[in-house]
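Remarks on the overall topology
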Amino acid sequence: MCGINGIFSFHSASSMPREAELLKTRDAMRARGPDGFGSWWSTDRRCALAHRRLSILDLSDRASQPMVSEDGRLAVTFNGEIYNYPALRAELASSGVRFRTTSDTEMLLHLYARLGEAMVHRLRGMFAFAIWDGMRQGLFLARDPYGIKPLYTANDGWTFRFASQVKALLAGERVSRDPEPAGIVGFHLFGSVPEPFTLYREIRSLPAGHTQWIDAVGPREPKSFANLAALLAQGAFAPAPAAELSERVRKGVADSVRIHLLADVEVGVFLSAGVDSGALLGLMRDAGVQEIRALTLAFEEFSGTAEDESPLAARLAHRYQARHVVRQVGEQEFREDLNAILEAMDQPSIDGVNTWFVAKAAKEAGLKVALSGLGGDELLAGYPSFFELPRWRRRFGPLASVPGLGPLTRALLRALAPGFARRRPKALGVLEYAGSWAGAYLLRRGLYLPWELPQIMDPELACEGLRRLKPLRAIDGHLNPDPGSDTGRICALESANYLRNQLLRDADWAGMAHGIEIRVPLVDAELLRVLAPSIVNLTPGAGKVALARAPSLPLPDEIVARAKTGFGVPTGAWMNAAVAGTSDAVGRAPETKGLASRRWSRAVLKSASAASPAHKMQAA
Amino acid sequence: MNSQPRIFALVTEAFGGRGGIAQYNRDLMSALASSKPGWTIVILPRTAPDPVVIPSGRIEQRQARTGRVAYTMAALRVALSKPIDIVFCGHLYMAPLAAFVAWFKGAKLVIQTHGIEAWPRPSGLRQYALAAANLVLSVSRYTRSSVLGWATIAPERVVVLPNTVGADFAPGRSGLQAEWNLEGKRVLLTVGRMDKRERYKGQDRIIAAIPQLVAKGHEVAYVVIGEGDDVKRLQSLAQQTGVADRVRFAGAVGPQALIDAYRMADLFVMPSTGEGFGIAFLEAMATGTPALGLPDAGARDALAEGELGAVSSNGDLAAAIARCLDAPRQDPEALSAAVRARFGYNGFRTRVGAIFETLVQPA
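1. Quick word on the overall build of chain A
- Summing up its helical and strand segments, chain A has 26 helices and 18 strands in all.
- Radius of gyration (C-alpha) of chain A: 24 Å, near the 25 Å computed for a compact globule of 620 residues.
- Projected onto its principal axes, the C-alpha coordinates of chain A cover approximately 75 × 60 × 50 Å.
- In chain A, which comprises 620 residues, the share counted as buried stands at 55%.
- Within chain A, residue pairs in contact and separated by at least 24 positions form 72% of the contacts whose partners lie at least 6 positions apart.

Right, dumping it as structure tokens:
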């Protein structure tokens, strides 16, 4: 976890980058990189790069960034980890490359010098970086296949800027705060802002798995180098027998965990009582890690109830001989931290509170790096969506294809059963949206449905946002090429939407706020490539069973059985209580989780809007 | 695509045309012809009132067609008779026709956006045409931002190509001050059309500021160059304000008189709120005359946000003019060089070549 930023005055009419802006943007990311900082200027001073460092690999000053190649031609600012760095380093060294450091940053410079933009195909890890190429007088940007590491860009037509955070770009005071209707509408639809949009029109996310080249003409359109749907489609082309599932999962995940342990500091693990984090802990032990600290959140509300995960987590920690750290969290602490949470959220999100507290616990424990089981549900069909979406498509798809039936049914239900319509607003959209994968997915994950938006925000803004976002087309774009199976399609949809725009982004801002690098071994394109032939025929539940058996000492059966019922967290009730006193509040009245999330989302957006007082982001 | 593309330019006016858009198109086509050897250009203008002088054998300008139907027929005739690789559309009004020709010929589409025509959301057909463009050129960052406010197009496809300024606009002596009996006066100058429907250039605000300037001891005269149906109103305003003897409406002037007027002026001032770019700012500063404008719309770019010309954001125009007149005069040669470093023709030509090259590069 580091913070990167840069300014490139690419247009001959533009002024040189201002140092004050460069440093303001960089230092707005102080929490991402408390261990060091630096800046670099090109010879003609038209390009400047900056960096805030969290030291993980090669803790010496030699590895400080921005780092310049020996011949001075290249300069890099890099956020992330390249897990196959040892292999790449050995390969480069064997062909005569001389290394000055033991950091993966230097390897990026050598790899670019050798392969140019094609270097990204060789990288395994989480990364966002920018390389200045003095010979070509241009800037090369890249972001990892899943989008674990953030990278935001802003182009005003004369000057190109980038940073790890939206708020850091704004802190430089030279980027427009004009609102982006697509980002605002996207947040209402999904509970997070879907990339490439942000809340601001001038700021965009470099899409996951893309590179971008910027030279005197300006930024070119981002180019894709990795596509999750394509990996799944390749797997579907040569499906693996069901009997191979366990072995593929064991080998693939064990390998991923092993490489994710690459660090010159201690690596801990976030441990719940679920299969994903438990398997990671078991595989860390298999990888030979002797001293493991495992962190678990325990909520005061659940103490002594079946909802409390900490006793089962403690048994897991004991099973794998980890030092178990249980961190108690209560509503009082949530209220005390609420402003800091909202401040740390780079873009509004309806989630991330759990990650905030577990990262806080990691920092208190003195850790810098921790593994998280994030991504297991997307990879191994752990979500209800894996059986719900195909069922909805089967049941309602034929009716949804009848023109006009959906809106008609919705109007009838609202007129005849207004109570039901209020309590189950998304049920009204079934006959409108269940006809396509994109529609069914929106129905499953949507916080609001498009037709509800004019009731909660300025109708004109809603209309414009939908026109620019094209939500169904955007979702459908993640199914190209067709992953070849229902499980593959849902894996692609969950990975490219919910995981990318919500969970990974939350892990970034919540981890970053505490200077914690959260590593996610189950979010790895190489692992997906290995498992793709098995995902074709994966039935919900089977993947998690295979994962539970992946460690040499498998997870106990009670963990697998418990995982099916899931765990509750009280944060939803806290969030709802936190908006008490506003017109949105319902106190602690029993209600569906979805309705509570809706209220919380409006409170979060109000907070984000307060940061941009010049522009009203919601009118309702 | 053909490595030596054939370009078909649908423009309002270019060679033989008048005004800023005609100048921009001439500069663009000339730069393209000189920076890309082998590329050929056929231009179809709506009007060409002045003698047509074509600078390159690789540029052919067809006879101007004023009527909409005649213009469309002429464009379709070119499309049917000539191979076309790139369609350049010089004005958003023509974008639907240009998009059709590009689609019909399987050609790349480039659309130019200047200013006020591209700021509000245009008709559905024009929006559709623009969304189909491979490249949109905007004369300023403001125009680019406005286009991106309504267009559903990748932002990377919208590129800023500002006006350039000709080599003739350079510091030098001017005999106009004596000819126009302005000796002993500090001369303020505005160059621009005076149009009843627009009225954004701000000549009326300058006239209104003159009494305050005089009261504070500034012996100013104000020269207004340009034509338009709003001149009479401005003349009446000068009368009512009691400064008619200090305001000279010079009408349209020839190219050399324009340069001399810039050289004569102590301050070029145009408090315009609606410039697509503001070429007159560049011309003034290229002749070494300081300029003052508002930080609104495209003028921000022409004044380089205050780095080339002065930018006044407060409402007190008289005070801003007084500050500029009181400030030590910047070295005209240095100001001219600074303008050329950002907006000179050589840089413009290089940029035009590089931008159009992206259209022929493989994706």
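2. Section: the sheet that holds strand β10 (residues 247–251) of chain B
Residues and elements named next belong to chain B.
- A sheet is described by the order of its strands in space; here six strands give the open sequence β10-β9-β8-β11-β12-β13, paired in parallel fashion. The sheet terminates laterally at β10 and β13 (310–311), the two strands that pair on one side only.
- As judged from the two bridges shared by strand β8 (residues 186–191) and strand β11 (residues 267–270), these two strands associate in the parallel manner. Across the sheet, the residue bridging to Leu189 is Phe268, located in β11.

3. Some remarks on the interface of chain B and chain A
- The interface is formed by 23 residues belonging to chain B together with 19 residues belonging to chain A.
- Counting only elements with at least two residues in the side of chain B that touches chain A, the list comes to α5 (141–150), β7 (158–160), α13 (332–343) and α14 (345–360) of chain B.
- When its residues are assigned to classes, the side of chain B that touches chain A shows ten nonpolar, six polar and seven charged.

4. A look at the confidence of the model for chain A
- Looking at chain A as a whole, the pLDDT averages 91, with 94% of positions reaching at least 70.
- Of the regions scoring below 50 in pLDDT, residues 583–590 of chain A engages in 15 contacts with residues more than four places distant in sequence or in other chains.

5. Quick look at the sheet that holds strand β10 (residues 203–205) of chain A
Residues and elements named next belong to chain A.
- Strand order in the open sheet formed by six strands is β2-β3-β1-β9-β8-β10, with antiparallel pairing between adjacent strands. Each edge of the open sheet carries a strand with a single partner, namely β2 (36–41) and β10. Mean inter-strand twist for the sheet, computed between neighbouring axes without regard to direction, equals 15°.
- Where strand β8 (residues 152–155) lies against β10, three bridges are found, and the strand directions are antiparallel. Across the sheet, Ala154 pairs through a bridge with Ile203, a residue of β10.

6. Details of the environment of Asn155 of chain A
- Counting through the fold element by element, Asn155 of chain A comes out in strand β8.
- Each C-alpha atom of the pair Asn155 of chain A and Glu202 of chain A lies 6.5 Å from the other, and the pair is 47 residues apart in sequence.
- Here Asn155 of chain A is in contact with Phe160, Gly218 and Pro219 of chain A together with Pro155 of chain B, once residues within four sequence places are set aside.

7. Quick look at the confidence of the model for chain B
- Scored by pLDDT, chain B comes out at a mean of 94, with 99% of its residues at no less than 70.
- Reported for the predicted complex are a pTM of 0.94 and an ipTM of 0.94.

8. Focus on unusual backbone geometry
All names here are of chain A.
- Cis peptide bonds are those with omega within 30 degrees of zero, and the linkage from Gln65 to Pro66 qualifies with -5°.
- A cis amide bond, omega 0°, links Asn480 with the succeeding residue Pro481.
- With respect to the helices, strands and loops of the structure, Pro481 is situated in the loop between α20 (471–476) and α21 (486–512).
- One non-glycine residue, Gln137, lies in positive phi territory at about 55°.
- In this fold, Gln137 is placed in the loop between β6 (125–133) and β7 (138–143).
- The exposure class assigned to Gln137 is partly exposed, which follows from the 15 C-beta atoms found within 10 Å.

9. Notes on the domain arrangement of chain B
Residue and element names in this part refer to chain B.
- One can read the domain layout of chain B as domain 1 (6–164 + 344–360) and domain 2 (176–342).
- Centre-to-centre, using C-alpha coordinates, domain 1 lies 30 Å away from domain 2.
- Counting residues at the interface gives 13 residues for domain 1 and twelve residues for domain 2.
- For the side of domain 1 that touches domain 2, the secondary-structure elements that each account for two or more residues are α1 (19–35) and α5.
- No other element matches the three residues that α5 contributes to the side of domain 1 that touches domain 2.
- Of the residues that constitute the side of domain 1 that touches domain 2, the class distribution is four nonpolar, eight polar and one charged.

10. Describing helix α7 (residues 203–215) of chain B
All names here are of chain B.
- In this model, α7 (13 residues) spans 19 Å end to end at C-alpha, consistent with the 18 Å of a helix rising 1.5 Å per residue.
- When the local axis directions of α7 are compared, the greatest deviation, roughly 30°, occurs at Ala209, which is followed within four positions by the proline Pro211.
- What α7 keeps buried is the set Gln203, Ile206, Ile207, Ala209, Ile210 and Leu213.
- In the core, the buried residues of α7 are packed alongside β8, β9 (220–225), α8 (231–241), β10, β11 and α12 (317–326).
- Just past α7, the residue Gly217 takes up positive phi, approximately 95°.

11. Some thoughts on the nonpolar core
- Residues Phe129, Leu232, Val269, Leu281 and Ala370 of chain A are the most contacted members of the largest nonpolar core, which totals 190 residues.
- Ranked by residue count, the leading element in this core is α21 of chain A, at 13 residues.
- Setting aside residues no more than four positions away along its own chain, Leu281 of chain A makes contact with Val269, Leu271, Ile292, Ala294, Leu316, Tyr320 and Ala322 of chain A.
- One finds Ile210, Ala261, Ala299 and Val352 of chain B within the second-largest nonpolar core, a separate group that totals 117 residues.

12. Let's talk about the domain arrangement of chain A
Residues and elements named next belong to chain A.
- Each domain of chain A was delimited in the assignment, giving domain 1 (3–226), domain 2 (240–382 + 495–610) and domain 3 (385–487).
- The C-alpha centroid of domain 3 is placed 37 Å from the C-alpha centroid of domain 1.
- Contact residues are listed per partner, giving eleven residues for domain 1 and 17 residues for domain 3.

13. Points about the packing of helix α13 (residues 385–400) of chain A against helix α17 (residues 437–445) of chain A
Residues and elements named next belong to chain A.
- The N-to-C vectors of α13 and α17 enclose an angle of 130°; their axes lie 10 Å apart at closest approach. Accordingly, the angle class assigned to the pair α13 and α17 is oblique. Both α13 and α17 take part in a crossing whose hand is right-handed. Contact residues: Ser385, Glu388, Leu389, Trp392 and Arg393 in α13; Ala440, Tyr441, Leu443 and Arg444 in α17.

14. Here's the deal with the packing of α17 of chain A against α21 of chain A
All names here are of chain A.
- Between α17 and α21, the shortest axis-to-axis distance is 11 Å and the interhelical angle comes to 55°. As the angle between them shows, α17 and α21 are arranged oblique. When the axes of α17 and α21 are compared, the crossing they make is right-handed. Between α17, through Trp437, Tyr441 and Arg445, and α21, the contact on the second element is made entirely by Arg489, Leu493, Asn497 and Tyr498.

What counts, and where the lines are drawn
Residues numbered from 1 in each chain as written. Chains lettered and ligands numbered in written order. Predicted model: local features only at pLDDT ≥ 70, side-chain atom pairs only at ≥ 80, totals over all residues. Helix = DSSP H or I, 4+ residues; strand = E, 2+ residues; numbered from the N terminus. Rg over C-alpha atoms; globule rule 2.2 N^0.38 Å. Buried ≥ 20, exposed ≤ 12 C-beta atoms within 10 Å, placed from the backbone. Contact = placed C-beta atoms within 7 Å. Pairing = 2+ DSSP bridges. Nonpolar A, V, L, I, M, F, W, Y, C, P; charged D, E, K, R; others polar. pLDDT = per-residue confidence, 0-100. Axes fitted to C-alpha atoms, helices over the stretch in contact; angles between N-to-C directions. Domains from an automatic or database assignment. Expected span 1.5 Å × (residues − 1). Bend = angle between axes of the 7 residues up to and from the residue. Core = buried A, V, L, I, M, F, W, Y, C linked by C-beta atoms within 7 Å. Parallel < 35°, antiparallel > 145°, perpendicular 65-115°, else oblique. Left-handed = near helix turned anticlockwise from the far one by under 90°.

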